[in-house]
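Coordinate analysis (summary)
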Amino acid sequence: MNMTLDKFLSEWNNVRGRLLVHTSGSTGEPKPLWVEKRRMEASARMTCQFLGLKEGDTALLCLPLDYIAGKMMVVRALTCGLRLIAVPPSGHPLAESASVDFAAMVPSQVYNSLQVEEERSRLRQIRQLIIGGGAIDDALADELKIFPNGVWSTYGMTETLSHIALRRLSGPDASQWYTPFNGITLSLNDEGCLVIDAPLVYPDRLVTNDIAELRPDGRFRILGRRDNVICSGGIKIQAEEVETLLRPHLATPFCITRRKDAKWGEAVVLLTEDSNLATVEAVCRRVLPPYWVPRDYCHTARIPLTPTGKIARKEAERAILYHNESDIS
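So, here's what we can say about the structure. Remember, predicted model here, so these are calculated numbers, not experimental data.

1. Re the layout of surface pockets
- If you add up the space inside the second largest pocket, you get close to 170 Å³.
- Surrounding the second largest pocket, E191, I211, R226, V229, K236, I237 and Q238 form its lining.
- Of the residues forming the lining of the second largest pocket, the biggest block, three residues, is contributed by strand β15 (residues 235-238).

Laid out in structure tokens, this is it:
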């Protein structure tokens, strides 16, 4: 698609009240979605109000305009009077940019910026930095926790016109719990999945596939996706929760996946880039509850990832089908 800023502004300023966007494809094939411009403006006001952004503040556009995250940075600037600074999307968005009050990045851009001293300094100076579109691992979160300004992880999707909640990554208020914006009502369905009522940005009730825990004050945390629940011997095991427990103890990239099993229905399998499977198994037996311990351990040259750095779950499952003597080439 490779949409330019001029083309987006032309579409935004035309007489039509709707705009065509595309989902990211992280949970399936990208699909087109028509959204109302007034709802995008409402989303922009929510974000700027939550972060205390005001007219005249500078905002960095360093994400592609093909998807909602990039489009919404422009809409926030237009709606709330921010001064937009646009740089070509790249892995090093702060290579030459001036200091800004507000920026949105994906985790890989943040990681890359931390590796270069000048870019790291510019990153620390951003007053409000939001990160979305991929997983934020523990090592990255630890580095961001000591940042002096606001660093936030986003929760949302294309249908909600980017995020409807943020959780703090920096400072003493860093948390695993997301705080929803004003006007957002959340609940859980019978399967424990998050249900979003956000009438200003989405006309219908939105039932997600995210298994969540919801506090009485409205804050929530995501435990994993319903698709990633492994039912083994009558016990429901959330793949992401197993990974969270193991991550501090396994330095080599890995993921939890599954295979069909005649006795247990489904069996937990650990796929790892570490060739020393005996050591990995020993860690699992020491760290995990007995019923979460994987029944198989498989080596792979590379853990399959999506373009945004998330584990490609279906590809991992397919890889398990072809393993030979616990080794995948």
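From this point on, the discussion continues.
2. Things to note about the pairing of strand β18 (residues 296-299)
- One ladder, built from four bridges, connects strand β17 (residues 265-272) with β18; its direction is parallel. In the sheet register, T272 faces β18, and the bridge partner there is H299.
- Handedness of the crossover is the feature at issue here: the chain leaves β17, passes through helix α8 (residues 277-287), returns alongside β18, and the resulting connection is right-handed.

3. Regarding the sheet that holds strand β5 (residues 102-105)
- Taken together, seven strands build an open sheet; the order of strands is β4-β3-β5-β6-β7-β8-β9 and the sheet is mixed. Each edge of the open sheet carries a strand with a single partner, namely β4 (83-86) and β9 (179-180).
- As paired elements, strand β3 (residues 58-61) and β4 share four bridges and run parallel to each other. Bridge pairing links L60 to I85 in β4.

4. Let's talk about the packing of helix α4 (residues 107-114) against helix α6 (residues 138-145)
- Between α4 and α6, whose axes approach to 11 Å, the crossing angle comes to 60 degrees. Judged by the inter-axis angle, α4 sits oblique to α6. Crossing of α4 against α6: the hand is left-handed. For the pair α4 and α6, contact is made by P107, V110, Y111 and L114 and by L140, E143 and L144, respectively.
- Residue composition of the contact of α4 with α6, by class: six nonpolar, no polar and one charged.

5. Quick notes on the pairing of β5
- Where burial is concerned, the two faces of β5 agree: the one with F102 and A104 and the one with A103 and M105 are both buried.
- Bridge count for β3 against β5 is two bridges, and the pairing is parallel. Note on β5: the bridge partner recorded for L60 is A103.
- Strand direction decides the pairing type here: β5 and strand β6 (residues 128-131), joined by four bridges, are parallel. Note on β6: the bridge partner recorded for A104 is I130.

6. What about the packing of aromatic side chains?
- Enumeration over the complete set of coordinates arrives at seven aromatic pairs.
- Ring centres of F8 and W12 lie 6.2 Å apart, and the angle between their planes is 25 degrees; on these two criteria the pair is classed as stacked. Note that F8 and W12 are positioned in helix α1 (residues 5-12) at a spacing of four residues, about one turn of the helix. Take F8 and W12: they sit in the same class, and that class is buried.
- A centroid spacing of 5.3 Å and a plane angle of 20 degrees characterise the contact between Y178 and F220, whose relative ring orientation is stacked. Here F220 lies in strand β13 (residues 220-225) and Y178 lies in the loop between β8 (162-168) and β9, a separation of 42 residues in the sequence. Each member of the pair, Y178 as well as F220, carries the same accessibility label: buried.
- What links up through ring pairs into an aromatic cluster is the set F50, W152 and F181.

What counts, and where the lines are drawn
Residues numbered from 1 in each chain as written. Predicted model: local features only at pLDDT ≥ 70, side-chain atom pairs only at ≥ 80, totals over all residues. Heavy atoms only, no water. 1 Å grid on protein atoms, 1.4 Å probe; cavity = no way out; pocket = protein on both sides within 12 Å on 5 of 7 lines; lining within 4 Å. Points joined across faces, edges and corners; volume = space filled by probe spheres on them. Helix = DSSP H or I, 4+ residues; strand = E, 2+ residues; numbered from the N terminus. Pairing = 2+ DSSP bridges. Right-handed = clockwise from strand over helix to strand, strands pointing away. Axes fitted to C-alpha atoms, helices over the stretch in contact; angles between N-to-C directions. Parallel < 35°, antiparallel > 145°, perpendicular 65-115°, else oblique. Left-handed = near helix turned anticlockwise from the far one by under 90°. Contact = heavy atoms within 4.5 Å. Nonpolar A, V, L, I, M, F, W, Y, C, P; charged D, E, K, R; others polar. Buried < 20%, exposed > 50% of the residue type's maximum accessible area, 1.4 Å probe, protein only. Phe/Tyr/Trp six-rings, centres within 6.5 Å; stacked < 30°, edge-to-face > 60°.

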